[in-house]
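This is what each chain is made of:
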Amino acid sequence: MIWRRCSILLACAGLAACAAPAYVSPVEVTRFVGDAPAQLGSGTISVDFASGLQRSPDESAYRTAVERELASLGYSVRPGNAAQVAQITLEQFVDDPDAGRRPVSVGGGASVGSYGSGVGLGIGLDLTPRAAERLDTRLSVAIRPAAGGENLWEGRAQMTASANSDYADQSAAASRLAAALFSNFPGTSGETIQVD
């Protein structure tokens, strides 16, 4: 009986030792500033997702995180009838060491889907990452006048987090990505930086 208990304890200890440690990459941020930087960081702005074939089930977490950052910059965020529009695109992929990369959710624009087509990808599948998998997330935001015209500002922030890390939680990931994306706004045009 004692031997059996010891065997079970050793087996449990072995499993704990083999568990993959949590991993979170720095956030890689790239931004582009348009010809009218004086128009940025003030006035009214609305936030919406780019239209596309798929919508992310985590939209509200990313919308809230972006709205919070825009408000901290000095914008007055409203649901509509604003002078500027911030358009969000969200891309997520699960990196599976055994099965390669598969899409989780995509938020429209030219980046819809992967492998050349977004039709039906990620619908009706269990896409919960397993402990050994990593979730790649890219948050892109473009700010433009509501009346139309060229973008005043564009930026993207991306990171990778293992399924057993704190940033597998979408609210935590959204807050981290949005904070990095808008840090030192508007940033140096064309420069790529890493934010820990």
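Residues numbered from 1 in each chain as written. Predicted model: local features only at pLDDT ≥ 70, side-chain atom pairs only at ≥ 80, totals over all residues. Heavy atoms only, no water.

Let us now look at the pairing of strand β7 (residues 153-162). Among the 10 residues in β7, seven count as buried, and that is most of the element. Bridging between strand β1 (residues 27-33) and β7 involves six bridges; their strand directions are antiparallel. When the sheet's bridge partners are listed, phenylalanine 32 is paired in β7 with glutamate 154. As paired strands, strand β6 (residues 134-145) and β7 are joined by 10 bridges and run antiparallel to one another. The residue of β7 that forms the bridge with valine 141 is glycine 155. (Buried < 20%, exposed > 50% of the residue type's maximum accessible area, 1.4 Å probe, protein only. Helix = DSSP H or I, 4+ residues; strand = E, 2+ residues; numbered from the N terminus. Pairing = 2+ DSSP bridges.)

Mean pLDDT over the protein chain works out to 79, with 69% of the residues at or above the 70 mark. This model gives residues 1-18 a pLDDT under 50, and the stretch forms zero contacts once residues within four places in sequence are excluded. (pLDDT = per-residue confidence, 0-100. Contact = heavy atoms within 4.5 Å.)

Applying the stated criterion across every chain, the model contains three aromatic pairs. Between tryptophan 153 and phenylalanine 182 the ring centres are 5.2 Å apart and the planes differ by 20 degrees, which places this aromatic pair in the stacked class. One end of the pair, tryptophan 153, is in strand β7; the other, phenylalanine 182, is in the loop between α3 (170-181) and β8 (192-195), with 29 residues separating them in the sequence. An aromatic cluster of at least three residues, connected via ring pairs, comprises Trp153, Phe182 and Phe185. The ring of tyrosine 167 carries arginine 176 above its face, with NZ or CZ at 5.0 Å from the centroid. (Phe/Tyr/Trp six-rings, centres within 6.5 Å; stacked < 30°, edge-to-face > 60°. Lys NZ or Arg CZ within 6 Å of the ring centre and 35° of its normal.)

Let us now look at the side chain of serine 25. By the element assignment, serine 25 lies in the loop between α1 (2-18) and β1. On the accessibility criterion, serine 25 (10% relative accessible area) is buried. At 2.9 Å, the side chain of serine 25 and the backbone nitrogen of threonine 160 are in polar contact. (Polar contact = N/O pair within 3.5 Å; in protein donor to acceptor, adjacent residues only side chain to side chain.)

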